[in-house]
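Observations on the model geometry
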Amino acid sequence: MTKAVLFDFDETLQDRTAAFEKYMDAFMAAFLSDLSEEEKKKRKTNMVETGNGGYVNREEWYQSLIDLWNWKNSPSKTVLANHYDENFGYYNVVFPDSVPLLKELRRMGIKTGVITNGPSVLQHRKMSESGLMPYCDIVVVSGDLPFAKPNPEIFRYTADKLGLDTADCVYVGDHPINDIEGALSSGMKAIRMNWGWFENQKLRADVPTIDTIYDVLKYI
């Protein structure tokens, strides 16, 4: 019997691609407001194409953009990375079905929560601004811990905090390694959210696949 359903955040409970679009507009306004709209659009495309869905070393990524754009007198890569970590969390685009799903799971007596990788300040801000906190029994951020997904320890840690065995839990996420393989290796069941940067990559026949988050209920 399923006693808890736990989720990744980006590209699972929220449309990170849409959120990143909003963040890029804020980034352009903060640092490159004098550019033409055409040039801003070009640079936003560069950011998307090189950003690997957020799975990058932020400082190295910004330095690559500084070099690509031949950005004279740019802020340092550290300043830009800090801007991302401190501000991206204000630009959430939570899927419309996320709150109804969490409400329904809790109505069913199932615990809910989030396990997310990333810096503490960034991921906690995303959660606090998302509107999802009232519907979560637990939020675990890798930046607060000595381990991160796909290390099975973060999944075991979360189950233990809920007073459950991992076998009692289902984990829902979009990343084929960090989310699906990590959850399975801990003893949790898994559901693949087929959305975003990793859409259609490394799908598994033994793991249910969904493309809208409310369909989690079909597998609980």
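Rules of the game
Residues numbered from 1 in each chain as written. Predicted model: local features only at pLDDT ≥ 70, side-chain atom pairs only at ≥ 80, totals over all residues. Heavy atoms only, no water. Pairing = 2+ DSSP bridges. Helix = DSSP H or I, 4+ residues; strand = E, 2+ residues; numbered from the N terminus. Contact = heavy atoms within 4.5 Å. Axes fitted to C-alpha atoms, helices over the stretch in contact; angles between N-to-C directions. Buried < 20%, exposed > 50% of the residue type's maximum accessible area, 1.4 Å probe, protein only. Polar contact = N/O pair within 3.5 Å; in protein donor to acceptor, adjacent residues only side chain to side chain. Right-handed = clockwise from strand over helix to strand, strands pointing away. Phe/Tyr/Trp six-rings, centres within 6.5 Å; stacked < 30°, edge-to-face > 60°. Lys NZ or Arg CZ within 6 Å of the ring centre and 35° of its normal.

**Things to note about the sheet that holds strand β4 (residues 169-173)**
- The strand order across the open sheet formed by six strands is β3-β2-β1-β4-β5-β6, and the pairing between neighbours is parallel. Each having just a single partner strand, β3 (138-141) and β6 (209-210) make up the two edges of the open sheet.
- Two elements, strand β5 (residues 189-193) and β6, share two bridges in a ladder whose sense is parallel. Opposite M193, over in β6, you have I210 as the bridge partner.
- Lying over the sheet, helix α8 (residues 176-186) contacts β4 and β5, oriented at roughly 160 degrees with respect to β5.

**What about helix α4 (residues 77-87)?**
- All buried positions along α4 are accounted for by L80, A81, H83, Y84 and D85.
- Buried residues belonging to α4 abut α1 (16-31), α3 (58-68) and α6 (120-130).

**A closer look at the environment of W195**
- Structurally, W195 can be placed in the loop between β5 and β6.
- In sequence terms W195 and T12 are 183 residues apart; their C-alpha atoms lie 7.4 Å from each other.
- In contact with W195, not counting residues within four places along its chain, are E11, D15, F95, D174 and D211.
- Here the side chain of W195 touches E11 through a polar contact of 3.5 Å, side chain to side chain.

**Overview of the environment of Y135**
- With respect to the secondary-structure elements, Y135 resides in the loop between α6 and β3.
- The exposure class of Y135 is partly exposed, given its relative accessible area of 22%.
- Sequence separation between Y135 and E38 is 97 residues; the distance between their C-alpha atoms is 41 Å.
- Once residues within four sequence positions are removed from consideration, Y135 is found in contact with V99, L102, K103, R106 and T112.

**A short note on the pairing of β3**
- In the sheet, strand β2 (residues 111-116) pairs with β3 via four bridges, with the strands oriented parallel. Bridge pairing in β3 places V114 opposite V139.
- Following the backbone out of β2, through α6 and into the adjacent parallel β3, one traces a crossover that is right-handed.

**Structural notes on the packing of aromatic side chains**
- This structure, assessed with the given rule, holds 18 aromatic pairs.
- Aromatic pair Y23 and F88: ring centres 5.5 Å apart, planes at 55 degrees, arrangement tilted. Of this pair, Y23 sits in helix α1 while F88 sits in the loop between α4 and α5 (98-107), and the two are 65 residues apart along the sequence.
- Between W61 and Y62 the ring centres are 4.7 Å apart and the planes differ by 50 degrees, which places this aromatic pair in the tilted class. Each member of the pair W61 and Y62 is classed as buried.
- Put simply, the rings of F20, Y23, F27, F31, W61, Y62, W69, W71, Y84, F88 and Y91 touch in pairs and so form one group of aromatic residues.
- Of note, R16 hangs over the ring of F20, and the distance from its end group to the ring centre comes to 4.8 Å.

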